[in-house]
Structures are given as structure tokens and as C-alpha cells.
Amino acid sequence: NGNTLAHCTISRNGGSGVIIDGDQGQCNDNTLDHCTIDGNGGNGCYLNGDEGQCNGNTITSCSINGNASRGIHLRGPEGECNGNVIVECTINGNGGRGINLYANYLGGGCDGNTIRDNTISGNVDIGISLVFSDRNRIEGNNISDTMGGAGIGIKTASSRENFILKNTSTGHTIPYDLDSDDTFGP
């Protein structure tokens, strides 16, 4: 808990660039600030709260580009990945979703996270994806040119009460695909 990685370059590793792993334990209140994470063989940044906690972490002003899988992946299928903040990052050209939040019906959570003021472009399938993830705030992001797969800017699935506002979503097959009880605005 409570670690900081700042002004680092993390590139061309065989797996994920950064793994913050709370599986069966805790990995809370860590900060990733002004880092460049590119060309890695897995996710750019992976926050794992499976059967544990990965809460209250901050990713700010990072450049996360050209990784083989997702740009940023938050996962809490049987544990918690809650209250994390992703702000003012550039997330481009990754081989999977730009930002992916995933929990499941088994009682895990990927809830109460904030994704704000990011530039997300040229990722595969979906720019920002929330699955079984509730009460998150998605605000002021510029999502463009999602390619391949579904071609969706922002998608919520089996999620509730997310607040989605002031985002720009262009150059996709589907700009927004949101659950009916999400709140969204201009």
C-alpha cells in the first residue's frame, strides 16, 4: 500500500507494464504519475483486486500507448477494485480496450472509480468499457477512432448508476452503448 511510481519509462516487457496486485490481499492507495508505459506484451497498467482489494489508487498524467492488450485494466470479480482515479492520461493504440473496468455477478466490485479528462484513441474494440461496474464517474474524456471488434466509444454492460457526462466520442461505429439506468449528459 501507498507506493509511488513517478516519471518512469516502462516499455517492451514481455507481460504487462505495471501490475498493482491485491489478489487475496491488499494493494491500496498507490500512485502512478507522469509515467510512459508503451510497447509491453500485456496490459499497459493492470489493477487486480480479485479476491482482495485494489482500492484508492491514482493514475495521473501517464502516456499508455501501443501495448499488446488493454491500456488500463481494473479487475475486481470476487474482490474490490473501487475508488480508483484515472485522470489526464493519453491512452492510444493499444491492442485491446483503452480503459476496461470488470467485476462480475459473484459479488465483486469495480465501483466508485473516476475516469476524467483522458485522451483515448485508436484502441481496439471499445474506448472505455464497464462490465458489472457501478456508480463510476466518466467525465470529460475525448474518445476517438476505436477500431476493430465492436468499434464503441463508451460501453456499460450489466452496470448500474454510472454518471457519464461531458465526453466526446467520435470516429466509432457506435459512440455510446449505455445501460438504461446510467445517467448521461452532454
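Please read these numbers as outputs of a predicted model, since none were measured by experiment. (Residues numbered from 1 in each chain as written. Predicted model: local features only at pLDDT ≥ 70, side-chain atom pairs only at ≥ 80, totals over all residues. Heavy atoms only, no water.)

Asks: What's the story with the sheet that holds strand β10 (residues 85-87) in this structure? I'm lost.
Replies: To summarise the sheet geometry, strands pair through backbone hydrogen bonds and adopt either a parallel or an antiparallel arrangement. Taken together, 8 strands build an open sheet; the order of strands is β1-β4-β7-β10-β13-β16-β19-β22 and the sheet is parallel. The sheet terminates laterally at β1 (4-6) and β22 (183-184), the two strands that pair on one side only. As judged from the 3 bridges shared by β1 and strand β4 (residues 31-33), these two strands associate in the parallel manner. By the bridge assignment, T4 is partnered in β4 with T31. (Pairing = 2+ DSSP bridges. Helix = DSSP H or I, 4+ residues; strand = E, 2+ residues; numbered from the N terminus.)

Asks: So what exactly am I meant to see when it comes to the environment of D145 here?
Replies: One can find D145 in the loop between β17 (142-144) and β18 (147-157). On the basis of relative accessible area, D145 is assigned to the partly exposed category, the value being 45%. C-alpha of D145 to C-alpha of G93: the two residues are 52 residues apart in sequence and 9.6 Å apart in space. Setting aside residues no more than four positions away along its own chain, D145 makes contact with G122, N123, T170, G171 and H172. (Buried < 20%, exposed > 50% of the residue type's maximum accessible area, 1.4 Å probe, protein only. Contact = heavy atoms within 4.5 Å.)

Asks: Would you explain a negative patch on the surface in this entry?
Replies: Residues D21, D23, E51 and E78 make up a contiguous surface patch of negative charge. Examined against the element boundaries, E51 turns out to sit in the loop between β6 (45-48) and β7 (58-60). Owing to a relative accessible area of 41%, E51 belongs among the partly exposed residues under this scheme. (Patch = residues over 30% accessible without salt bridge, like charges linked within 9 Å, V, L, I, M, F, W, Y side chains within 5 Å. Areas by Shrake-Rupley, 256 points an atom, 1.4 Å probe, with all protein chains shown as cover. Salt bridge = Lys/Arg side-chain N within 4 Å of Asp/Glu carboxyl O. Lys, Arg positive; Asp, Glu negative; His and termini not counted. Charge placed at Lys NZ, Arg CZ, Asp CG, Glu CD.)

Asks: Could you clarify how one ought to interpret the nonpolar core in this entry?
Replies: Note that soluble globular proteins tend to have their nonpolar side chains buried in a common cluster. Counting residues in hydrophobic clusters, the biggest one holds 31 residues, and the most contacted among them are I59, I72, I99 and I128. At the level of secondary structure, the elements contributing two or more residues to this core comprise β3 (18-21), β6, β9 (72-75), β12 (99-102) and β15 (124-131). Beyond its immediate sequence surroundings of up to four residues, I72 is in contact with C45, I59, I64, I86, I91, G98, I99 and N100. (Core = buried A, V, L, I, M, F, W, Y, C linked by side-chain atoms within 4.5 Å.)

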